[in-house]
Amino acid sequence: MAAQHTFDVPRLKSPLTLDGKLDEECYRIFEPYTEFVYPWEPEHTPPPTKAWLFWDDTYLYSCWDVDDDHFITAPPGPDGKLAVLDHSRVEIFLWNGDPKGSYYGFEINPHGLTLDYEARFHRIFNRDWTCHGLKIGSSRTERGYCIEAAIPLDTLAASGYDLRSQWMWRAGLYRAEKDAENPEEFHWSCIVNPHREEVDFHIPETFGILALHPTDKPMARPDEPEEQEHEI
């Protein structure tokens, strides 16, 4: 698979406070990923979505600031984490690039309720898998909602996905919006456009490269000049 996007992940000196407020300095220093598109509704533009990725010795952080003036969600209920499938949500998938290997999904609704699972292509889910130590902070805003997710690196490593063993892996960032007029329907957006007719995030073509930088100098993004870089 030829990756179409690189997610450069800066390293933090201190952990984030997981309150969903996105008020740490790193959100001001590092530019978010905003290039979300509707692969299956190309005539429309998704509402603004900002996503950041960071890491430290303990966690990979997936952080979101989402515009959504009619998001549909609910707190945890009798369906447990599967209830997320009926809600507006943000999603991150992590993969080692092996077509026969596992990838790991984290789908998070505005309340912070998370559907976490192991999966294989194509759409073979092990929803009994749990990311032990996962931490989520969430908040509602005037425009929508914010999410801060801390994915423990030790749990991923125990599942055979050790981000610290090499600096380049695969990741996908996605968003699902409930249709306000037809709650049975979703609008699906992502950064890496798979250019496929079928509506499906769970294919290798939706993943880009995940580059965790071990020093205080993350690379400039493609086609961007290098600037002074930071560790927070």
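Worth saying up front: this structure is predicted, and the values here are computed from it rather than measured.

### Some points on the overall build of the chain
- When you go through the chain residue by residue, the secondary structure sums to 2 helices and 12 strands.
- What you see in the chain, going N to C, is helices and strands ordered as β-α-β-β-β-β-β-β-β-β-α-β-β-β.
- Surface accessibility of the chain: about 11100 Å² in total, with carbon and sulfur atoms responsible for 47%.

### Regarding the sheet that holds strand β3 (residues 59–67)
- One open sheet accounts for 4 strands, arranged β2-β3-β9-β8; its pairing is antiparallel. Each having just a single partner strand, β2 (49–55) and β8 (135–140) make up the two edges of the open sheet. Taken pair by pair, the neighbouring strands of this sheet meet at an average axis angle of 10°, ignoring direction.
- Bridging between β3 and strand β9 (residues 144–152) involves 9 bridges; their strand directions are antiparallel. Paired with Trp-64 across the two strands is Ile-147, which belongs to β9.

### A closer look at the packing of aromatic side chains
- Here the structure, examined in full by the defined rule, presents 25 aromatic pairs.
- Ring plane angle 80° and centroid distance 5.2 Å describe the contact between Phe-7 and Tyr-33, whose orientation is recorded as edge-to-face. Taken as a pair, Phe-7 in strand β1 (residues 6–9) and Tyr-33 in the loop between α1 (26–29) and β2 lie far apart in primary sequence, 26 residues in all. Each member of the pair, Phe-7 as well as Tyr-33, carries the same accessibility label: buried.
- Considering the side-chain rings of Phe-186 and Trp-188, the 5.0 Å spacing of their centres and the 35° angle between planes classify their relative orientation as tilted.
- Taken together through their ring pairs, the aromatic side chains of Trp-40, Phe-93, Trp-95, Tyr-103, Tyr-117, Phe-121, Phe-125, Tyr-174, Phe-186, Trp-188, Phe-201 and Phe-207 make up a single cluster.
- Sitting above the plane of the Phe-186 ring, Arg-89 keeps its charged end 5.1 Å from the centroid.

What counts as what
- Residues numbered from 1 in each chain as written.
- Predicted model: local features only at pLDDT ≥ 70, side-chain atom pairs only at ≥ 80, totals over all residues.
- Heavy atoms only, no water.
- Helix = DSSP H or I, 4+ residues; strand = E, 2+ residues; numbered from the N terminus.
- Areas by Shrake-Rupley, 256 points an atom, 1.4 Å probe, with all protein chains shown as cover.
- Pairing = 2+ DSSP bridges.
- Axes fitted to C-alpha atoms, helices over the stretch in contact; angles between N-to-C directions.
- Phe/Tyr/Trp six-rings, centres within 6.5 Å; stacked < 30°, edge-to-face > 60°.
- Buried < 20%, exposed > 50% of the residue type's maximum accessible area, 1.4 Å probe, protein only.
- Lys NZ or Arg CZ within 6 Å of the ring centre and 35° of its normal.

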